[in-house]
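# Structural overview
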Amino acid sequence: QVQLVESGGGLVQAGDSLRLSCAASGRTFSGYAMGWFRQAPGKEREFVAGISWSGGTTYYADSVKGRFTISRDNAKNTVYLQMNSLKPEDTAVYYCASRSVARVVIWSSGYDYWGQGTQVTVSS
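Model, not experiment: these values are computed from the prediction.

Locating L18 in the fold gives a position in strand β3 (residues 18–25). The class for L18 is buried, based on a relative accessible area of 14%. With 64 residues separating them along the chain, L18 and Q82 place their C-alpha atoms 6.2 Å apart. The contacts of L18, once residues within four sequence positions are left out, are G8, G9, G10, V12, L81, Q82, M83, L86 and V120.

Here's what the structure looks like:
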């Protein structure tokens, strides 16, 4: 059984930075694409960033491009989301997700395993 555990969320001020981590267990980590999604209150879950199995391909939502960076350490079975210049509109629960194939995609239905989420709150 694949388990994904997010950490690193919290309450910050606008302009601050946070780094989210997602630790994976239960299967070989390196062969599969990973993604970060978020869901704000009253809104649908949306794609934030994704990374291929090797880390060589990354995708970002337009709303976070240039501010967020996704990366992975296959030796540590961990994927990261570095979030800089945070804005109040970034406030959401952030979810880590794993595919069962190597190629990254931006739609949530393409991901088979999900973490429980970590809350990020950005005050103005």
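Attention shifts here to the packing of aromatic side chains. Centre distance and the angle of the planes are the two values used to describe a pair of aromatic rings. Taken as a whole and assessed by the stated rule, the structure comprises four aromatic pairs. A centroid spacing of 5.6 Å and a plane angle of 75 degrees characterise the contact between F37 and F47, whose relative ring orientation is edge-to-face. Placement of F37 in strand β4 (residues 34–39) and of F47 in strand β5 (residues 46–51) is noted, with a sequence separation of ten residues between them. Judged by relative accessible area, F37 falls into the buried class, the value being 1%. With a relative accessible area of 11%, F47 lands in the buried category. Aromatic pair F37 and Y111: ring centres 5.2 Å apart, planes at 80 degrees, arrangement edge-to-face. Of the two residues, F37 sits in strand β4 while Y111 sits in the loop between β9 (92–98) and β10 (113–114), which places them 74 residues apart along the sequence. Taking relative accessible area as the criterion, Y111 reaches 5% and is therefore assigned buried. Through a chain of ring-to-ring contacts, the aromatic side chains of F37, F47, Y111 and W114 assemble into a single cluster. Taking the ring centre of W114 as reference, the NZ or CZ of R45 above it sits at 4.7 Å.

Thresholds, definitions, all that
- Residues numbered from 1 in each chain as written.
- Predicted model: local features only at pLDDT ≥ 70, side-chain atom pairs only at ≥ 80, totals over all residues.
- Heavy atoms only, no water.
- Helix = DSSP H or I, 4+ residues; strand = E, 2+ residues; numbered from the N terminus.
- Buried < 20%, exposed > 50% of the residue type's maximum accessible area, 1.4 Å probe, protein only.
- Contact = heavy atoms within 4.5 Å.
- Phe/Tyr/Trp six-rings, centres within 6.5 Å; stacked < 30°, edge-to-face > 60°.
- Lys NZ or Arg CZ within 6 Å of the ring centre and 35° of its normal.

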